[in-house]
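# Summary of the model geometry
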Amino acid sequence: MIIDKKSIEQHNEKGQKIHQKKYDSLSSVLSEEGKNVSKILADVAAFQVAIPSWALGTGGTRFGRFPGGGEPSTLEQKIEDVGLLHALNGSSGAISLHIPWDIPTDANKIKSLAASFGLKFDAVNSNTFQDQKDQKHSYKFGSLSNTDKAARKQAIDHNIEVIKHGVNVGSKSLTVWLADGSSFPGQQHFRRAFERTLESLQEIYAALPSDWSIFTEHKAYEPAFYSSVVSDWGSSLLFAQKLGSKASCLVDLGHHLPNANIEQIVSRLMMEGKLGGFHFNDSKYSDDDLTVGSIKPYQLFLIFNELVDGMTSSEVKNPDLGWMIDASHNIKDPLEDLLQSVDAIMLAYAQALIIDRKALETAQQQNDVVTAQEILQNAYRTDVRPLLAEARKTAGVALDPLAFYRDSKVRQQLIKERGEKTIATGL
Ligand SMILES: [Mn+2]
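This write-up is about the structure you can find in this document. Just so it is clear, the model here is predicted, and its values are computed rather than measured. (Residues numbered from 1 in each chain as written. Predicted model: local features only at pLDDT ≥ 70, side-chain atom pairs only at ≥ 80, totals over all residues.)

Before going further, it helps to examine the overall build of the protein chain. Across its full length, the protein chain holds 15 helices and 13 strands. Over its C-alpha atoms the protein chain spans a radius of gyration of 22 Å, differing by no more than 12% from the 22 Å that the globule rule assigns to 427 residues. By principal-axis analysis of the C-alpha atoms, the protein chain measures approximately 65 × 60 × 40 Å. Out of the 427 residues belonging to the protein chain, those deemed buried represent 48%. For the protein chain, the proportion of contacts with a sequence separation of at least 24, taken over those separated by at least 6, is 79%. (Helix = DSSP H or I, 4+ residues; strand = E, 2+ residues; numbered from the N terminus. Rg over C-alpha atoms; globule rule 2.2 N^0.38 Å. Buried ≥ 20, exposed ≤ 12 C-beta atoms within 10 Å, placed from the backbone. Contact = placed C-beta atoms within 7 Å.)

Side chains of strand E13 (residues 322-325) alternate between two faces, with Gly322 and Met324 and Trp323 and Ile325 buried alike. Note: strand E12 (residues 275-280) against E13, four bridges, orientation parallel. Of the residues in E13, the one forming a bridge with His279 is Met324. (Pairing = 2+ DSSP bridges.)

Turning to the environment of Val251, a few remarks are in order. Note on placement: Val251 falls in strand E11 (residues 247-252). Classification of Val251 by C-beta neighbours within 10 Å gives buried; the count is 23. Once the C-alpha coordinates of Val251 and Asp43 are considered, the two residues, 208 residues apart in sequence, prove to be 22 Å apart.

Leu88, Ile95 and Ala350 are the most contacted members of the largest nonpolar core, which totals 109 residues. Per-element accounting of this core gives the leading share, 13 residues, to helix H10 (residues 334-353). Excluding residues that lie within four positions of it along the chain, Ile95 makes contacts with Ala50, Ile51, Ser53, Ile79, Val82, Ala114, Leu119, Phe121 and Asp122. (Core = buried A, V, L, I, M, F, W, Y, C linked by C-beta atoms within 7 Å.)

Quick look at unusual backbone geometry now. Look at the link from Ile99 to Pro100: it is a cis peptide, with omega at 20°. Relative to the helices and strands, Pro100 is located in the loop between strand E4 (94-96) and helix H4 (107-116). A cis geometry characterises the amide bond from Glu222 onward to Pro223, with omega recorded as 5°. Phi is positive for Asp134, which is not a glycine, with a value near 65°. Structurally, Asp134 can be placed in the loop between strand E6 (124-125) and helix H5 (149-169). Judged by the 5 C-beta atoms lying within 10 Å of it, Asp134 is exposed. Positioned with a positive phi, Lys409 is a non-glycine residue whose angle comes to about 50°. You can see Lys409 is positioned in the loop between helix H14 (401-407) and helix H15 (410-418). Judged by the 11 C-beta atoms lying within 10 Å of it, Lys409 falls in the exposed class.

Considered for burial, the residues of helix H8 (residues 262-271) that qualify are Ile262, Ile265, Val266, Leu269 and Met270. Projected down its long axis, H8 shows its buried positions confined to an angular sector of 130°, all on one face. Just beyond H8, the residue with positive phi is Gly273, at close to 65°. (Arc of directions from axis to C-beta.)

Dropping the structure here:
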């Protein structure tokens, strides 16, 4: 479905008067405080969050799945859906493919379709957490860490295959998330499992094109319930350091033990130049994959505070970071949910951009705890939504993407095009 530019213009005209009032008031206050509003607007406009190909359909839980209508059943339709999001918010300019759920069989066609919506290909994701049909060796007891060399080889070959698919569409990185681990004490020799995984990753690393990166993604538990091979950021960092300069760590917000100080993890990884990217979601209990910012928006802001600090500091040498949503929805319209998630990310980013960093550093240096806290909370409590809307207006996308989506009955049109009973491939 193609979003008609005219209807966006009409939507923007309708909201323009109120928007202008809010924006004028905010931008004059920020300017008065010495902030460079046009720089903030440019930074916001340039910030792009990749949408994973598996988030466009209704995900399930282990208890069931309730698919909605008009879901994309082919990779082409998934790209169209990301194109639609990007046409509405101007911030979803990339798609991340999961192999083998979304194999670009005709890579050139897929590439030009994506380009027609202004989309790039973000990291490609391998899958060794489930057995595929006709697969010779099972991953029941691990993939890259499996005690059986043949199973490891199969998992290595799969990752190399994923790199090839990525090269064909112009992707530049591979994300490896492993379900490997153990569910009972004594099941696995920790050191040997690590060493086997490292050896496997080294083979994959050797197959990376020179301008590619590989991300290791840690997760504390699940599906393994006693130990995971890449259980925490320390293990992930060890792998990345041992692999080499093309390897870095990916932080998924839902992959930590309760109350972990994720912002500090971000700071440490950036300090070492080993933060590769992010998987955004939110959670109340564990890897809940809820809408970004729906449960712990202040934590998200504190994470962006560290990210912006690192990205703007000359002391921190960090490669370009990859931003992606990693969520699986089961009760919302996935496109509405993604609009909410991208908005929450942009909001936290813009709030982090307005932090008075000089004043914060002075307060930290003087051990002025109250002022330091006030500086952060002042930024967090500033309603920066008019800034985001202004950036969207300038980019010619919707002032209010979600309202546009609902008012123009996008889902109903998708149902008309694709049918009421469609199930997205993948999840
Ligand atoms: Mn993830």
